[in-house]
Amino acid sequence: MNFLPTGPPLRRTPTRPTRRHASRSRPPAPVWLQRRRALRRLWGFGWRVDLEAAAAYVLGPISALLLLIFETTSDYVRYHAYQSALLSFALLALHMLLLLLRFPHWFQWLGLALDIGVLGHTALRAYRDADVLERYPLPWIGEMASRWVGEE
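Residues numbered from 1 in each chain as written. Predicted model: local features only at pLDDT ≥ 70, side-chain atom pairs only at ≥ 80, totals over all residues. Heavy atoms only, no water.

(A) The packing of helix α4 (residues 75-100) against helix α6 (residues 141-151), seen in detail. One way to put it is that α4 packs onto α6 with a least axis distance of 9 Å and a crossing angle of 135 degrees. One element, α4, and the other, α6, form an angle in the oblique class. Both α4 and α6 take part in a crossing whose hand is right-handed. Here α4 contributes Asp 75, Arg 78, Tyr 79, Tyr 82, Gln 83, Leu 86 and Leu 87 to the contact with α6, which in turn contributes Ile 141, Gly 142, Met 144, Ala 145, Ser 146, Trp 148 and Val 149. Among the residues making up the contact of α4 with α6, the classes are represented as 9 nonpolar, 3 polar and 2 charged. (Axes fitted to C-alpha atoms, helices over the stretch in contact; angles between N-to-C directions. Helix = DSSP H or I, 4+ residues; strand = E, 2+ residues; numbered from the N terminus. Parallel < 35°, antiparallel > 145°, perpendicular 65-115°, else oblique. Left-handed = near helix turned anticlockwise from the far one by under 90°. Contact = heavy atoms within 4.5 Å. Nonpolar A, V, L, I, M, F, W, Y, C, P; charged D, E, K, R; others polar.)

Written out as structure tokens, the structure is:
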């Protein structure tokens, strides 16, 4: 017994795509998805707001200064760029002081690990808080960055 078709091959007729009727509407998207879609707006640098704010902390003062130069529309990103630049310069000055005072190398490595932890934590907070554009101010530095953004 042969179960394979032996006749001519079946031709598929092209079908027209069906149109959605106006009476059928989709239920609204969940709130978290609406927020993510709102964040997909592109700003001056060409990235999403949450990624730009977190990227300000990645390379320290270098990425912060690049964002301050190219990002001219989003106060949220500019705030985090200012805060990142101030924090990075303060940490750099602390490391120079430790180097000049000849602290042991293990102490400098511990300071570097703490620096990476602080920058990583603030980058994560900037990324997460971008949904509601809530600023995460650090003591003294956050107030100064907020004042600078307000003066622009």
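Back to the write-up after that little detour.
(B) Molecular detail of the environment of Asp 131. Looking at the element boundaries, Asp 131 is found in the loop between α5 (105-128) and α6. Considering only alpha carbons, one finds Asp 131 and Val 49, 82 residues apart in sequence, at a separation of 9.0 Å.

(C) Focus on the nonpolar core. The biggest cluster of nonpolar side chains holds 23 residues, and the ones touching the most others in it are Tyr 57, Tyr 76 and Leu 87. Taken together, the elements giving at least two residues each to this core come down to α2 (49-55), α3 (61-70), α4, α5 and α6. The dominant element in this core, judged by the number of residues it contributes, is α4, at 7 residues. Dropping the residues within four chain positions of it, Leu 87 is found in contact with Val 118, Leu 119, Thr 122, Leu 138 and Ile 141. (Core = buried A, V, L, I, M, F, W, Y, C linked by side-chain atoms within 4.5 Å. Buried < 20%, exposed > 50% of the residue type's maximum accessible area, 1.4 Å probe, protein only.)

(D) Up close: the pattern of salt bridges. If you walk through the whole model with that rule in mind, you get 3 salt bridges. In this structure, the salt-bridge partner of Asp 50 is Arg 48, at a minimum N-O distance of 3.0 Å. What makes Asp 50 buried here is its relative accessible area of 0%. Judged by relative accessible area, Arg 48 falls into the partly exposed class, the value being 22%. Two residues, Arg 125 and Asp 129, come together in a salt bridge whose shortest N-O distance is 3.2 Å. According to the relative accessible area criterion, Arg 125 is partly exposed, its value standing at 27%. The class of Asp 129 is buried, set by a relative accessible area of 11%. (Salt bridge = Lys/Arg side-chain N within 4 Å of Asp/Glu carboxyl O.)

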